[in-house]
Amino acid sequence: MYKQILENKMSASSLKQLQQLAAPVPQLQRWYMIVDGNQHRSDLCQLQPQFQTTFMLSEALIPQLRLVAMLIAAQRLGFDQPTPDIISEEADWFAARILVMGVRIFHLDITLIPMLKTANSRARSFAQKHNLPFTQAQMRMSLHASRPEQMLIIETETLCEEDKGLIHNSLHFAHNLCLTESTILTICNQP
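Please read these numbers as outputs of a predicted model, since none were measured by experiment.

Looking at a nonpolar patch on the surface
Inference 1: A cluster of nonpolar side chains, Leu61, Leu166, Ile167 and Leu171, forms an exposed patch at the surface whose accessible area comes to about 290 Å².
Inference 2: Topologically, leucine 61 is positioned in the loop between β2 (56–58) and α2 (63–74).

Here you go:
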């Protein structure tokens, strides 16, 4: 009998592995985002270094990120005390990137694993509260020592064949490829 149970477990395990292999793996596109919209870190708002590559984005040109980061941060505010000077944390911005842009992979230093875990938790909670789709973001250990401090390398399921330059990429992404401001405001105004 034990042998039969073991064989059943092995076949169930093998079946699960086959199903995982058969599931379509989404193709991801790498983006290089200047994180110049994140006010919780004043060092990220300094003059940007001269760094050019294809498929660059400017976080400041995607206002939905700021909106969602502030909404996520505001959930932790106590209205019985004065509002702090800085409301958001780094995890709020990463949670917003996950929800608004659909970031699936962040290229980060391994020391940021706890922050990404917090960001995924906050994104999941916000998504559940507002009936938004949520897919947990993963971390790929960053080996890009030559990239500027203000540059975040991300991967999304959003695929673009043509690089339109920093400004046009950012505006196109904000208007066509991510969660819109009107959608965000609509879901947040629902009871």
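Re the environment of methionine 115
Inference 1: Within the element layout of this structure, methionine 115 appears in helix α4 (residues 113–129).
Inference 2: Once the C-alpha coordinates of methionine 115 and glutamate 90 are considered, the two residues, 25 residues apart in sequence, prove to be 7.5 Å apart.
Inference 3: For methionine 115, the residues in contact, after removing those within four places along its chain, are Glu90, Ala91, Phe94 and Leu108.

Observations concerning the side chain of asparagine 120
Inference 1: In this structure, asparagine 120 sits in helix α4.
Inference 2: Apart from the residues lying within four places of it in its own chain, the contact partners of asparagine 120 are Ile98, Phe134, Gln136 and Ala137.

Digging into the pairing of strand β5 (residues 151–156)
Inference 1: Where burial is concerned, most of β5 is hidden: 6 out of the 6 residues are buried.
Inference 2: Of the two faces of β5, the one holding Met151, Ile153 and Glu155 and the one holding Leu152, Ile154 and Thr156 are both buried throughout.
Inference 3: Bridge count between strand β1 (residues 29–34) and β5: 6 bridges; the pairing is antiparallel. Residue tryptophan 31 lies in a different strand from β5, and its bridge partner there is isoleucine 154.
Inference 4: In this structure, strand β3 (residues 103–108) lies alongside β5, joined through 4 bridges in antiparallel fashion. The residue of β5 that forms the bridge with histidine 107 is isoleucine 153.

Description of helix α3 (residues 90–101)
Inference 1: In this model, α3 (12 residues) spans 16 Å end to end at C-alpha, consistent with the 16 Å of a helix rising 1.5 Å per residue.
Inference 2: Counting buried residues in α3 gives 11 out of 12 residues, a clear majority hidden from the surface.
Inference 3: Of the residues making up α3, those classed as buried are Ala91, Asp92, Trp93, Phe94, Ala95, Ala96, Arg97, Ile98, Leu99, Val100 and Met101.

Here's the deal with the pattern of salt bridges
Inference 1: Within this structure, the stated rule accounts for 8 salt bridges.
Inference 2: A salt bridge links glutamate 89 to arginine 122; the shortest N-O distance between them is 3.0 Å. Linking glutamate 89 in the loop between α2 and α3 with arginine 122 in helix α4, this pair joins segments that are 33 residues apart in sequence.
Inference 3: With a relative accessible area of 38%, glutamate 89 lands in the partly exposed category.
Inference 4: With a closest N to O distance of 2.9 Å, aspartate 92 and arginine 122 form a salt bridge. Of this pair, aspartate 92 sits in helix α3 while arginine 122 sits in helix α4, placing them 30 residues apart in sequence. Judged on exposure class, the residue aspartate 92 and its partner arginine 122 are both buried.
Inference 5: Ionic contacts of the salt-bridge type, sharing partners, join the residues Arg76, Glu89, Asp92 and Arg122 into one network.

As for unusual backbone geometry
Inference 1: Its identity is not glycine, yet phenylalanine 55 carries a phi of approximately 55°, on the positive side.
Inference 2: Of note in the backbone geometry, asparagine 131 takes a positive phi value of approximately 55° without being a glycine.
Inference 3: Along the polypeptide, asparagine 131 turns up in the loop between α4 and β4 (138–141).

Quick word on the packing of aromatic side chains
Inference 1: Summed over the entire model, instances satisfying the criterion amount to 3 aromatic pairs.
Inference 2: With centroids separated by 5.2 Å and ring planes inclined at 90°, the aromatic side chains of tryptophan 31 and phenylalanine 173 adopt a geometry described as edge-to-face. Taken together, the residues tryptophan 31 in strand β1 and phenylalanine 173 in helix α5 (residues 166–177) connect sequence positions 142 residues apart.
Inference 3: Tryptophan 31 gets classed as buried once you look at its relative accessible area, which sits at 1%.
Inference 4: The ring of phenylalanine 94 has arginine 97 sitting right over it, with the charged end atom 4.5 Å from the ring centre.

What counts and what doesn't
Residues numbered from 1 in each chain as written. Predicted model: local features only at pLDDT ≥ 70, side-chain atom pairs only at ≥ 80, totals over all residues. Heavy atoms only, no water. Patch = residues over 30% accessible without salt bridge, like charges linked within 9 Å, V, L, I, M, F, W, Y side chains within 5 Å. Areas by Shrake-Rupley, 256 points an atom, 1.4 Å probe, with all protein chains shown as cover. Salt bridge = Lys/Arg side-chain N within 4 Å of Asp/Glu carboxyl O. Helix = DSSP H or I, 4+ residues; strand = E, 2+ residues; numbered from the N terminus. Contact = heavy atoms within 4.5 Å. Buried < 20%, exposed > 50% of the residue type's maximum accessible area, 1.4 Å probe, protein only. Pairing = 2+ DSSP bridges. Expected span 1.5 Å × (residues − 1). Phe/Tyr/Trp six-rings, centres within 6.5 Å; stacked < 30°, edge-to-face > 60°. Lys NZ or Arg CZ within 6 Å of the ring centre and 35° of its normal.

On their own, these measurements won't tell you what the molecule is for.
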